[in-house]
Amino acid sequence: RTHELYPHADVLAEYLRDFAEADQGDRIEYNTEVQLISSIPSSLGGGFELRLTKGDARVDRRRCRRVVVASGLPVPHIPPAIVGAELLLGYEELAPSGRAFENRSVIVWGFGNAAHETARELQKYTQAITLLHRMPA
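Within any chain, residue numbers begin from 1 and follow the written order of that chain's sequence. Since the coordinates come from a predicted model, pLDDT governs what is reported: local features require at least 70, and pairs of side-chain atoms require 80 or more to be given and counted, while whole-chain, interface and lining totals use all residues. With hydrogens and water excluded, all non-hydrogen atoms of the structure serve as input to the side-chain values.

### Things to note about the environment of histidine 116
Phase 1: Structurally, the position occupied by histidine 116 is in helix 2 (residues 113–122).
Phase 2: Measuring from C-alpha to C-alpha, the distance between histidine 116 and leucine 131 comes to 8.1 Å, with 15 residues separating the pair along the chain.
Phase 3: Under this definition, polar contacts are N or O atom pairs within 3.5 Å; protein pairs additionally need one hydrogen-donor-capable and one acceptor-capable atom, and for neighbouring residues in sequence, both atoms have to be side-chain atoms. A polar contact is formed between the side chain of histidine 116 and the backbone oxygen of phenylalanine 111, at a distance of 3.5 Å. Secondary structure follows DSSP: runs of H or I at least 4 residues long count as helices, runs of E at least 2 residues long count as strands, and numbering of each begins at the N terminus.

Below, the structure written as structure tokens:
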């Protein structure tokens, strides 16, 4: 599909949709909320038990060896000591195009996928773009 390190979100969404349809079949459950994750003692086989609520309010249970939680941040993280923090524009507030930043100098604060994806889109429009991230501890 792409050889880009940070592909556009649409490319990732298409890949995940194709993967789900071709390789996972009925192993992916939609409209399902995880209510509780419980550890199963190793004497009983280990792993985890998940209590799920389906879209129709039906409660179901699943057992698995591993659980991956990839929920993202519930709210944007802006450190309180940043002077001018009220001037920052969050990822969740950006328009899909960088036209609003045409011929401007822009700093993208972050170094994850969202920061790189944002910088890649903005570079089409900006005069200069800088990625700003913290140094390793």
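Back to the write-up after that little detour.
### Let's talk about the layout of surface pockets
To find leftover empty space, one rolls a probe the size of a water molecule over the atoms.
Phase 1: Think of a 1 Å grid over the protein atoms and nothing else: a 1.4 Å probe that fits but is trapped marks a cavity, an open set flanked by protein within 12 Å on at least five of seven lines marks a pocket, and residues with an atom within 4 Å of a point count as lining. Grid points are joined across faces, edges and corners, and a volume is the space filled by probe spheres set on the points. Its volume calculated, the largest pocket comes out at about 1,200 Å³.
Phase 2: Around the largest pocket, the lining is made up of 29 residues, and of these Leu89, Gly90, Tyr91, Trp109 and Gly110 lie nearest the centre.
Phase 3: At the level of elements, strand 4 (105–109) and helix 2 are the ones that each hand at least two residues to the lining of the largest pocket.
Phase 4: Tallied by class, the residues present in the lining of the largest pocket amount to 19 nonpolar, 7 polar and 3 charged. By the convention adopted, Pro, Cys, Tyr, Trp, Phe, Met, Ile, Leu, Val and Ala count as nonpolar, Lys, Arg, Asp and Glu as charged, and the other residues, Gly among them, as polar.

### Remarks on the pattern of salt bridges
When their charged atoms lie close together, side chains carrying opposite charge are able to pair.
Phase 1: The rule for a salt bridge is simple: a side-chain nitrogen of Lys or Arg has to be within 4 Å of a carboxyl oxygen of Asp or Glu. Scanning the model with the defined rule gives 4 salt bridges in all.
Phase 2: Two residues, aspartate 60 and arginine 62, come together in a salt bridge whose shortest N-O distance is 2.9 Å.
Phase 3: Exposure remark for arginine 62: the relative accessible area of 34% places this residue in the partly exposed category. When a residue's accessible area, from a 1.4 Å probe over protein chains only, is under 20% of the maximum for its type it is buried; when over 50% it is exposed; and in between it is partly exposed.

### Comments concerning unusual backbone geometry
Phase 1: Phi is positive for asparagine 103, close to 60°, though the residue is something other than glycine.
Phase 2: Relative to the helices and strands, asparagine 103 is located in the loop between strand 3 (59–64) and strand 4.

Function cannot be read off these values alone, since they describe shape.
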